[in-house]
Number of protein chains: 2
Amino acid sequence: MTASQFKSAPEPTLRRLPRYLHLLFRLREGGLEDVSSTLIARELKLDPTQVRKDIEYTDIVGRPKTGYPIEDLIIAIEAFLNWNNTEDAFIAGVGNLGSAMLGYQRFKKYGLNFVAAFDTDKQKIGTQIDTIPVLSIEKLPDLANRMKIKFGVLTVPPQYAQFVAEIMVEGGIKAIWNFAPCQLKLPDDVIVENAQLTQSLAVISRKLHEKKILGSD
Amino acid sequence: MTASQFKSAPEPTLRRLPRYLHLLFRLREGGLEDVSSTLIARELKLDPTQVRKDIEYTDIVGRPKTGYPIEDLIIAIEAFLNWNNTEDAFIAGVGNLGSAMLGYQRFKKYGLNFVAAFDTDKQKIGTQIDTIPVLSIEKLPDLANRMKIKFGVLTVPPQYAQFVAEIMVEGGIKAIWNFAPCQLKLPDDVIVENAQLTQSLAVISRKLHEKKILGSD
DNA sequence: TTTGTATTGCGAATTTTTTCTCGATTTTAT
DNA sequence: ATAAAATCGAGAAAAAATTCGCAATACAAA
Ligand SMILES: NC(=O)c1ccc[n+]([C@@H]2O[C@H](COP(=O)([O-])OP(=O)(O)OC[C@H]3O[C@@H](n4cnc5c(N)ncnc54)[C@H](O)[C@@H]3O)[C@@H](O)[C@H]2O)c1
Ligand SMILES: NC(=O)c1ccc[n+]([C@@H]2O[C@H](COP(=O)([O-])OP(=O)(O)OC[C@H]3O[C@@H](n4cnc5c(N)ncnc54)[C@H](O)[C@@H]3O)[C@@H](O)[C@H]2O)c1
């Protein structure tokens with residue numbers, strides 16, 4: 001592993017990488033072999049320099065005039081995000097959102113492989129969703145430990161989120177993707193990423209509001 | 001309306017406002033009347049100055065020693081995001097994710113009110129999800145125009161996203177909350193917010209990967 | 001009343017992120 | 001072979017966001 005593989009990229013960069021990946025897939029399907037930062041930037045409405053700086057983090061070097069080899073770039077970005085290795089994951093809360101995520105096959109392509117789901121609802125325990133078994137939440141810590149699960153997805157109502165998160169930590173889970181609109185208090189060595197839709201909604205809500213106040217129409 | 005109501009807040013600020021709101025609700029339930037930037041910062045692991053700067057955008061003034069009145073702050077943030085007025089919205093794509101969102105009652109509290117859903121699947125057309133009718137996508141433009149819908153949620157597979165987005169624009173929709181992992185090409189006056197889960201996943205994936213490479217355990 | 005403490009709000013400093021500039025390099029066309 | 005066009009990569013500059021420092025203020029306790 002090279003030194004730069006250890007170098008952490010800024011969060012804005014991390015957020016752009018999947019966008020590059022989606023575009024690269026599309027370009028590859030279109031039969032293209034190389035891509036320039038100029039093209040990526042135009043497609044995604046970014047600055048070409050920014051695209052180049054982002055790509056630097058993945059250790060891929062481009063060639064003047066032709067740009068970057070798409071295949072290599074895809075592999076490098078996937079490796080950078082560790083999406084070439086699927087990470088086994090548990091999900092807690094098999095409600096609206098939890099079920100939707102379990103039914104989303106594409107997560108495997110993003111390195112995420114659900115191996116078990118957990119709930120408190122007796123109606124749901126014992127069933128399967130797309131071959132993933134739904135188990136009692138009580139079984140989570142022990143099973144997580146034994147299966148060495150490091151990744152947990154939290155899709156329970158906010159009032160139970162802290163409790164369930166602690167159960168996950170008890171099971172040795174080191175990264176929690178939290179969809180509940182609340183702040184989890186966990187040991188510092190546990191990575192928490194809040195995938196809160198309300199944050200995204202706030203951005204678009206405000207922009208539409210501004211448009212209505214100021215807007216031309 | 002004051003001048004500052006027109007002032008646009010930076011996106012990072014917009015993203016933090018819902019987090020403040022969630023905390024404020026919790027504090028209010030706990031019977032608290034005032035809150036300081038210090039407390040908010042400690043709870044959400046932010047810098048107190050940053051919290052104060054964010055709150056400034058909402059036109060709320062605090063008092064030394066006591067902080068901000070929670071009730072007023074809630075109202076101000078909601079007003080800033082226009083979450084006190086519910087915005088009627090259409091959603092296209094009643095699959096895993098679309099159904100989950102339709103079933104999520106709390107969106108009303110975030111100013112979002114689904115009035116109709118659209119799909120191409122004949123099995124789904126004509127049904128209802130939580131009192132919201134599922135209609136043929138063909139009816140979207142005309143109905144959007146007549147109902148003066150400005151907000152559209154896009155939860156169709158990526159290969160149809162551009163097509164459906166254009167249909168929305170045809171119907172006069174001005175803000176599209178896009179969940180498909182692709183870049184939409186639309187007129188500049190249409191607000192597009194990409195709520196891409198993969199972006200959030202990228203952040204946590206990389207962090208866990210780094211932890212594994214460097215990590216103490 | 002006075003003193004001590006916690007807090008706001010604002011300007012300055014710092015850090016982070018984005019954008020600009022430009023020389024070097026590679027390919028294509030003449 | 002030479003010129004023209006397009007791109008990368010690196011360092012500088014600019015812009016944006018965060019954090020610092022501190023005076024002014026409100027409140028509580030002595
Ligand atoms: N559905 C959405 O579109 C949406 C949007 C934004 C945020 N969210 C958030 O995502 C989370 C899930 O939302 P949802 O709509 O799926 O809710 P939901 O009520 O449909 O599902 C919650 C599930 O969690 C289970 N649960 C409750 N307590 C549990 C526990 N202690 N252990 C394990 N499972 C438990 C419930 O039995 C239920 O199956 C919530 O925090 C919600 O705020 C959802
Ligand atoms: N489910 C998830 O957890 C998840 C996570 C991340 C991203 N996404 C994205 O969200 C989108 C929806 O995902 P999903 O899992 O719900 O997919 P899905 O396949 O379950 O649902 C898609 C729905 O869109 C409908 N549809 C197809 N073409 C249409 C058209 N032209 N007009 C109207 N409706 C049309 C389909 O009939 C289907 O009901 C996809 O773009 C997906 O990549 C989903």
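Before going into details, it helps to say that this report is about the structure given with it. The structure displayed is predicted, hence computed values, not measured ones. (Residues numbered from 1 in each chain as written. Chains lettered and ligands numbered in written order. Predicted model: local features only at pLDDT ≥ 70, side-chain atom pairs only at ≥ 80, totals over all residues. Heavy atoms only, no water.)

Structural notes on the sheet that holds strand E4 (residues 112-119) of chain A
Sheet strands associate in pairs through backbone hydrogen bonding, adopting either a parallel or an antiparallel arrangement. Residue and element names in this part refer to chain A. Applicable threshold: For two strands to be treated as a pair, DSSP must find no fewer than two bridges joining them. By the criteria applied, helices consist of DSSP H or I runs no shorter than four residues and strands consist of E runs no shorter than two, each listed in order from the N terminus. Here, two residues are considered to be in contact whenever any of their heavy atoms come within 4.5 Å of each other. Each axis is a line fitted through C-alpha atoms, and for a helix only the stretch in contact is used; angles between axes span 0 to 180 degrees, taken between their N-to-C directions.
Strand order in the open sheet made by the seven strands is E5-E6-E4-E3-E7-E8-E9, with mixed pairing throughout. Bordering the open sheet on either side are strand E5 (128-129) and strand E9 (191-194), each of which pairs with just one other strand. Inspection of the sheet shows E5 paired to strand E6 (residues 132-136) by two bridges, in the antiparallel sense. If you follow Ile129 over to E6, its bridge partner there is Ile132. In the packing of helix H7 (residues 158-170) onto the sheet, contacts are made with strand E3 (87-92), strand E7 (151-154) and strand E8 (175-178), and the angle to E7 comes to roughly 170°.

Observations concerning the packing of helix H1 (residues 11-29) of chain B against helix H2 (residues 37-44) of chain B
Residue and element names in this part refer to chain B. Short version of the rule: Throughout this description, any angle smaller than 35 degrees is read as roughly parallel, any larger than 145 degrees as roughly antiparallel, any in the 65 to 115 degree range as roughly perpendicular, and the remainder as oblique. In this classification, Asp, Glu, Lys and Arg are treated as charged, Ala, Val, Leu, Ile, Met, Phe, Trp, Tyr, Cys and Pro as nonpolar, and every other residue, Gly included, as polar.
Remark: H1 packs on H2, axes separated minimally by 11 Å, with the N-to-C direction vectors making an angle of 110°. Comparing the axis directions of H1 and H2 gives the class roughly perpendicular. Facing H1, whose interface residues are Arg19, Tyr20, Leu23, Arg26 and Leu27, H2 presents Leu39, Ile40, Glu43 and Leu44. For the contact of H1 with H2, the per-class residue count stands at six nonpolar, no polar and three charged.

Thoughts on the protein's contact with DNA strand D
Worth spelling out the cut-off: Throughout this document, a residue counts as near a molecule or strand when at least one of its heavy atoms sits within 4 Å of that molecule or strand. Any pair of N or O atoms that falls within 3.5 Å is considered a polar contact. Within protein, one atom must be able to donate a hydrogen and the other to accept it, and sequence-neighbouring residues count only if both atoms are side-chain atoms.
Around DNA strand D, the surrounding shell holds 24 residues, and the nearest of these are Ser37(A), Arg52(A), Gly62(A), Thr49(B) and Pro64(B). Each atom of DNA strand D within 4 Å of the protein was classed as base or backbone; sugar and phosphate made up 69%. With respect to DNA strand D, the side chain of Ser37(A) contributes an N or O atom lying 2.3 Å from a phosphate oxygen. At 2.9 Å from a phosphate oxygen of DNA strand D is found a side-chain nitrogen or oxygen belonging to Arg16(B). Looking at the surface near DNA strand D, the elements that each hand over two or more residues are helix H2 (37-44) and helix H3 (48-56) of chain A together with H1 and helix H3 (48-56) of chain B.

Points about the pairing of strand E6 (residues 132-136) of chain B
All names here are of chain B. The sheet contact formed by strand E4 (residues 112-119) and E6 spans three bridges and is parallel. Paired with Asp119 across the strands is Ser136, a residue of E6. With antiparallel pairing between neighbouring strands as the criterion, strand E5 (residues 128-129) and E6 make up a hairpin whose turn holds two residues, including Asp130 at a positive phi of roughly 50°.

Quick notes on the site of ligand 2
As a structural note, the neighbourhood of ligand 2 is formed by 25 residues, with Tyr104(A), Leu97(B), Asp119(B), Lys124(B) and Val156(B) the closest of them. Each of chains A and B places residues next to ligand 2. Within the backbone of Leu97(B), an N or O atom sits 2.7 Å from an oxygen atom of ligand 2. A distance of 2.4 Å separates an oxygen atom of ligand 2 from a polar atom in the side chain of Asp119(B). The set of elements that each furnish at least two residues to the shell around ligand 2 consists of helix H5 (96-102) of chain A together with helix H5 (96-102), E4 and helix H7 (158-170) of chain B.

Side note on the relation of the copies chain A and chain B
As a reminder of what qualifies: What sets the superposition is a least-squares fit of C-alpha atoms, and only residues with pLDDT of at least 70 in both copies go into it.
Superposition of chain A onto chain B requires a rotation of 180° combined with a translation of 0.0 Å along the rotation axis, giving an RMSD of 0.1 Å. Here the transformation between the copies is reduced to the relation of a two-fold axis. When C-alpha distances to the rotation axis are compared across chain A, the minimum falls at Ala100(A), with a value of 3.2 Å. Counting the interface residues of chain A, we find that 100% of their copies in chain B are interface residues as well, pointing to one common contact surface.

Let's talk about the pattern of salt bridges
Basically, it comes down to this: We define a salt bridge as a contact between a side-chain nitrogen of Lys or Arg and a carboxyl oxygen of Asp or Glu at a distance within 4 Å. Using a 1.4 Å probe on the protein chains alone, a residue whose accessible area is under 20% of its type maximum counts as buried, one over 50% counts as exposed, and one in between counts as partly exposed.
Using the criterion set out here, one finds 24 salt bridges over all chains in the structure. The shortest N-O distance in the salt bridge between Arg15(A) and Glu193(A) comes to 3.4 Å. Of the two residues, Arg15(A) is situated in helix H1 (residues 11-29) and Glu193(A) in strand E9; the sequence distance between them amounts to 178 residues. For Arg15(A), a relative accessible area of 27% corresponds to the partly exposed category. Glu43(B) is the salt-bridge partner of Lys185(A), the closest N and O atoms lying 3.3 Å from each other. Highlighted residues: Lys185(A) in the loop between E8 and E9 and Glu43(B) in helix H2, drawn from two different chains. Taking the relative accessible area as the measure of exposure, Lys185(A) reaches 51% and is therefore exposed. A residue is classified by how much of its surface remains accessible, and Glu43(B), at 15% relative accessible area, is buried. By sharing partners, the salt bridges in this structure join Glu11(A), Arg15(A), Glu193(A) and Lys207(B) into a single network.

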